[in-house]
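The primary structure of each chain is shown beneath.
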Amino acid sequence: MKYRHIKKWILLAAIILSGIVSHFSGGINSYYLQIIIFIGINITLAVGLNLINGYTGQFSLGHAGFMAIGAYVAAYLSTEHSAGLFRALGGPNFFSITLLFISVLIAGGLAAAAAGLIVGVPSLRLKGDYLAIVTLGFGEIIRVVIQNTDAVGGPRGYSGIANYTTLFWTYSVAAITIYVVVSLIDSTYGRGFLTVRDDEVASEAVGISTTRYKVTAFVLGAFFAGVAGGLYAHSTTYINPSGFDFQRSIEIVVMVILGGMGSTAGVAFAAILLTLLLEYLRFVSGYQWLPEIIRRIAANRVIIYSLVLIALMLLRPQGLFGRLPRRGIPIGGATKRAKLPALSA
Amino acid sequence: MPSPLLDLRQCTIRFGGLTAVSAFDLQIGADELIGLIGPNGAGKTTIFNVVTGVYRPTSGTIIFENKPIAGLRPNTIARRGVARTFQNIRLFPTLTVFDNVRAGFNLRLRHGLAHALWRMGTFYREENEVARQVDELLEIFDLGKFRDALCGSLSYGDQRRLEIVRALATRPKLLLLDEPAAGMNPREKEISDRRPTGRARHESSHGNLSARNRTGLWNQNRGGNPGASAGESEGHRSISGRRNEESVRSTCFGFS
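On to the overall build of chain B. Regarding its fold elements, chain B presents nine helices and nine strands. Here chain B, with 256 residues, has 55% of them falling under the buried criterion. Taking the contacts inside chain B whose residues are at least 6 apart along the sequence as the reference set, 72% of them involve residues at least 24 apart. For chain B, the accessible surface area stands at approximately 10,700 Å², while carbon and sulfur atoms represent 51% of it.

Here the focus is the overall build of chain A. Within chain A, the regular secondary structure consists of 14 helices and two strands. Counting the 345 residues in chain A, one finds 50% classified as buried. Total accessible area computed for chain A in this model is approximately 15,700 Å², and 68% of it derives from carbon and sulfur atoms.

A few words on the environment of F138 of chain A. Among the structural elements, F138 of chain A can be located in helix α6 (residues 128-147). Those residues in contact with F138 of chain A that lie beyond four places of it in its chain are F66, I69, A115 and V119 of chain A.

Contact pair helix α5 (residues 94-123) of chain A / helix α10 (residues 210-236) of chain A: the axes reach a minimum separation of 6 Å and the direction vectors enclose 145°. The interaxial crossing formed by α5 of chain A with α10 of chain A has right-handed handedness.

Taken as a whole and assessed by the stated rule, the structure comprises 22 salt bridges over all chains. R143 of chain A is the partner of E140 of chain A in a salt bridge, and the nearest nitrogen-oxygen pair spans 2.8 Å. Note that E140 of chain A and R143 of chain A are positioned in helix α6 at a spacing of three residues, about one turn of the helix. Measuring nitrogen to oxygen at the nearest pair gives 3.7 Å for the salt bridge that ties E127 of chain B to R102 of chain B. Taken as a pair, E127 of chain B in helix α5 (residues 121-140) and R102 of chain B in helix α3 (residues 97-103) lie far apart in primary sequence, 25 residues in all. Given a relative accessible area of 10%, E127 of chain B falls into the buried group. By relative accessible area, R102 of chain B is classed as buried at 9%.

Residues and elements named next belong to chain A. A cluster of nonpolar side chains, contributed by I28, Y31, Y32, I36, Y280 and F283, occupies part of the molecular surface with about 560 Å² of accessible area. Sorting the residues of the nonpolar patch by element identifies α2 (30-55) and α12 (264-284) as the ones contributing at least two each. Broken down by element, the residue count for the nonpolar patch peaks at three residues, all from α2.

Looking now at unusual backbone geometry. You will see that T237 of chain A, though not glycine, has its phi angle at about 60°, which is positive. Looking at the element boundaries, T237 of chain A is found in the loop between α10 and β2 (238-239). On the basis of relative accessible area, T237 of chain A is assigned to the partly exposed category, the value being 27%. Phi at E65 of chain B takes a positive value of approximately 50°, unusual for a residue other than glycine. Structurally, E65 of chain B can be placed in the loop between β4 (59-64) and β5 (67-68).

Once that is clear, we can look at the packing of aromatic side chains. Scanning the model with the defined rule gives 18 aromatic pairs over all chains in all. An angle of 45° between the planes, with centres 5.4 Å apart, marks the rings of F66 of chain A and F138 of chain A as tilted. Placement of the pair is F66 of chain A in helix α3 (residues 63-80) and F138 of chain A in helix α6, with a sequence separation of 72 residues. Aromatic pair F101 of chain A and W169 of chain A: ring centres 5.5 Å apart, planes at 85°, arrangement edge-to-face. Taken as a pair, F101 of chain A in helix α5 and W169 of chain A in helix α7 (residues 167-185) lie far apart in primary sequence, 68 residues in all. Assessed through its relative accessible area of 1%, F101 of chain A is described here as buried. Look at W169 of chain A and you get buried, because its relative accessible area is 16%. Positioned above the aromatic ring of W118 of chain B, the side-chain terminus of K8 of chain A is 5.7 Å from the ring centre. Directly above the aromatic system of F92 of chain B lies the positively charged group of R166 of chain B, at a separation of 4.7 Å from the ring centroid.

With that settled, consider the nonpolar core. Soluble globular proteins tend to bury their nonpolar side chains together. Counting residues in hydrophobic clusters, the biggest one holds 126 residues, and the most contacted among them are I41, F66, F193, I239 and F244 of chain A together with V101 and L162 of chain B. The greatest single-element share of this core, amounting to 13 residues, is contributed by α2 of chain A. Listed in part, the 23 residues of the second largest apolar core include A20, I47, V51 and L176 of chain B.

A word on the interface of chain B and chain A. Contacts between the two partners involve 47 residues from chain B and, on the opposite side, 47 residues from chain A. Across the chain B-chain A interface, the total number found is four salt bridges. Across the pair E204 of chain A and R73 of chain B runs a salt bridge, and its minimum N-O distance is 2.9 Å. Viewed at the interface, chain A and chain B are joined by 17 residue pairs in polar contact (both at pLDDT 80 or more). The biggest single contributor to the side of chain B that touches chain A is α5 of chain B, with five residues.

This part is about the side chain of N106 of chain B. Along the chain, N106 of chain B falls in the loop between α3 and α4 (113-118). When its relative accessible area of 7% is taken as the criterion, N106 of chain B is described as buried.

Residues and elements named next belong to chain A. Tracing the chain through its elements places N50 in helix α2. A relative accessible area of 0% places N50 in the buried class. In this structure N50 touches Y55, V256, G260, M261, G262, S263, T264 and V267, once residues within four positions along its chain are discounted.

Rules used throughout
- Counting starts from 1 at the beginning of each chain's written sequence and moves along it residue by residue.
- Whichever chain is written first becomes A and whichever ligand is written first becomes 1, with later ones labelled in order.
- Given that this is a predicted model, residues contribute local features only at a pLDDT of at least 70 and side-chain atom pairs are listed and counted only at 80 or more, while totals for whole chains, interfaces and linings are drawn from all residues.
- Side-chain numbers come from the whole structure's heavy atoms, not from hydrogens or water.
- Strands here mean DSSP runs of E at least two residues long; helices mean DSSP runs of H or I at least four residues long; both are numbered from the N terminus.
- Residue burial is assigned from relative accessible area. The probe radius is 1.4 Å, only protein chains are included, and a residue is buried under 20% of its type maximum, exposed over 50%, and partly exposed in between.
- Residue contacts are counted whenever heavy atoms from the two residues lie within 4.5 Å of one another.
- Only the protein chains shown count as cover for residues, with accessible areas throughout obtained via the Shrake-Rupley method and a probe of 1.4 Å.
- Lines are fitted to the C-alpha atoms to define the axes, a helix being fitted only along its stretch in contact, and any angle between axes, read from their N-to-C directions, falls within 0 to 180 degrees.
- Note on convention: the crossing is left-handed when the near helix lies turned anticlockwise from the far helix by less than a right angle, right-handed when the turn is clockwise.
- For this analysis, a salt bridge means a side-chain nitrogen from Lys or Arg found within 4 Å of a carboxyl oxygen belonging to Asp or Glu.
- The patches reported here contain residues having more than 30% relative accessible area and no salt bridge. Joining distances are 9 Å for like charges and 5 Å for nonpolar side chains (Val, Leu, Ile, Met, Phe, Trp, Tyr).
- Stacked, edge-to-face and tilted are the three classes for Phe, Tyr and Trp ring pairs, Trp counted by its six-membered ring, which pair at centre distances within 6.5 Å; planes under 30 degrees apart are stacked, over 60 edge-to-face, the rest tilted.
- Only lysine NZ and arginine CZ atoms are considered, and such an atom sits over a ring when it is within 6 Å of the ring centre and within 35 degrees of the ring normal.
- For the purposes of this section, nonpolar cores are sets of buried Ala, Val, Leu, Ile, Met, Phe, Trp, Tyr and Cys residues that join through side-chain atoms within 4.5 Å.
- The term polar contact refers here to a pair of N or O atoms within 3.5 Å; inside protein, the definition further demands a hydrogen-donor-capable atom paired with an acceptor-capable atom, and it admits residues adjacent in sequence only when both atoms are side-chain atoms.

Such coordinate-based values are descriptive only and should not be taken to indicate function.
Next comes the structure, spelled out in structure tokens:
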């Protein structure tokens, strides 16, 4: 194959490009810059969640919880434990900051991945709505635990985080996330995620360990959410538990559904679209010439999500970039599955 | 016969108060082709589910290649060399024909997560080798022309065949076909007689997929299920009345 390393070259090009753009981003209005960074963070979150929800077919509603773990671990480490590193490397210079930031991001990701491992275990026994409820509960537990931890500010939030996040870091992480998910799915090994989604009994029958794939999906998805959380914390320099609530999880899920479950390009696109839309609606809610009802709706994110989802289900249920493989010809054996493995009459 | 490939001893499965299979014995040697017939509800599929690990037997032992496999996870049993098809076809509906067969190669992969991400020479060598073998299997079973179609777009008979190809892709030592000819017309059955080279060639001299060289007819529902006796004897009669090719419900292949 002539183009076998094309994915790696694209990844490298994306990282270099984001480095170059980042280097010349000084002139950009800081408000726009912040939005562009949020877009990158949301791409990372949504593409990571898509591995769990879209490709592996496990409905997780607790992605903000993973993000919170990453954000708090990274923020705590970089704020409270950076002094030693800086002393050893001669003060906060380019090299020491880079090293510190990479290591706190990875630490945040690993902490979230460990949580993903814990959440992955119930996913082995639960399906669909039940798993959604468990992951939802998990996300809330994380939030409440943080709210009651004084070391990270409790409900007041955690402030004084250094502003390390740049365009370069954000988009490098987004590019790596996309690379990991895309190249994973494009391999005989990675197709196992899709077979687990399609039919667990048949997957087991051909020797695919559904357990392993589900846990892997949760761990990887959580890892990227944790890194995204670290980027978020070092971008806003202030985090508080209510920023990682249920609504945040829903936001990421909406991105995945909007883009089309199991389509990385679609999900990344939806992340861009939804982030921009929500920012734009901030202005709309301030336009005095609009009727008050529209301004009120625009100010309320939850109503917007609902409207987006209702419109999507009516017009394009498979998502913007998704495919509907089942249209037309019925598929033998793919009828509604019973609770017990209904293998035959 | 030296020690059999598969050896079921006194296998009993109860679901609550219902005894689905009671004290069932079955020996399958290498190179044997065995048909399993019985009336509806006799427990043929339940036997398959027990052998492949979907259900755990209430009592009794299952020995495969001299090792007990009762209670192992289905994927572990598949790795040991037991492949199966399902009575109601279970393909991966969102995947292409090619990917469905490729799923059967998953258990023999030498690459994993890290290789799929690193994507260096060994990864591509293995992927190419897998692709070559998948295409070869598809050609043998006349499915090559559907390679990149979604498996849902295939006809019923082709889907059945695809499921058999997927099972063969795991290179089983024992292949369990649950009602392989159900719902197929004679033309489709004929196409199904084509078989892969190598391992399974031995079978072709003995008969085709729907034939048998030893048919086990057994009576189930001995006790435990009141009201079954009437239906049972009736079913028994009707089965004995047509003990021909059509009546073979499920087939077990023992590969050498």
